[in-house]
Amino acid sequence: MRKNGTPEEDQLWFQEHIGVELEKLDAAFEPMMPQLESINELVTSHKRELRRKLWKELGLFWLIGLLLLTGMMWVIGNNLLWFVALQVLASAGAFWYIVASYRKKGERAWRKS
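These numbers come from a predicted model, not from an experiment. (Residues numbered from 1 in each chain as written. Predicted model: local features only at pLDDT ≥ 70, side-chain atom pairs only at ≥ 80, totals over all residues. Heavy atoms only, no water.)

1. Let's talk about the overall build of the chain
- Within the chain, the secondary structure is distributed over three helices and zero strands.
- When the 113 residues of the chain are sorted by exposure, 2% land in the buried category.
- Surface accessibility of the chain: about 11,400 Å² in total, with carbon and sulfur atoms responsible for 68%. (Helix = DSSP H or I, 4+ residues; strand = E, 2+ residues; numbered from the N terminus. Buried < 20%, exposed > 50% of the residue type's maximum accessible area, 1.4 Å probe, protein only. Areas by Shrake-Rupley, 256 points an atom, 1.4 Å probe, with all protein chains shown as cover.)

Have a look at this one:
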């Protein structure tokens, strides 16, 4: 073990004792560059998977929207008072969510500065 010296002395000691071995190790295990075809195949498969996922999410969005619209049309057809109550509750919930998210965003911005 060696006692601590100046940073320049430490650097020289490291280069003499360990640097050569590290260079040999780096030369022995040089990373291979991927071929262009494999990168293109990876990008193509990723795009295909992403496109399939987005179509699945869009279908789910349309299905949930259709169910919500059907439910709301059924409620408005049966009882107008329940429809108005649901709309007021949904509006109040949306307002509360927006206020809470802005408040949280403001607290985070205040803490950063």
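2. Re helix H1 (residues 7-28)
- The first and last C-alpha atoms of H1 sit 29 Å apart over 22 residues, in line with the 32 Å expected at 1.5 Å per residue.
- Helix geometry: H1 is bent most strongly at Ile18, by close to 50 degrees. (Expected span 1.5 Å × (residues − 1). Bend = angle between axes of the 7 residues up to and from the residue.)

3. Re a nonpolar patch on the surface
- A surface patch of nonpolar side chains, about 560 Å² in accessible area, is lined by Trp13, Phe14, Ile18, Leu22, Leu25 and Phe29.
- Its location among the elements puts Leu22 in helix H1. (Patch = residues over 30% accessible without salt bridge, like charges linked within 9 Å, V, L, I, M, F, W, Y side chains within 5 Å. Salt bridge = Lys/Arg side-chain N within 4 Å of Asp/Glu carboxyl O.)

4. Quick word on the pattern of salt bridges
- Applying the stated rule across the entire model yields one salt bridge.
- Across the pair Lys24 and Glu21 runs a salt bridge whose closest N-O atoms are separated by 3.7 Å. Note that Lys24 and Glu21 are positioned in helix H1 at a spacing of three residues, about one turn of the helix.
- Judged by its relative accessible area of 51%, Lys24 is exposed.

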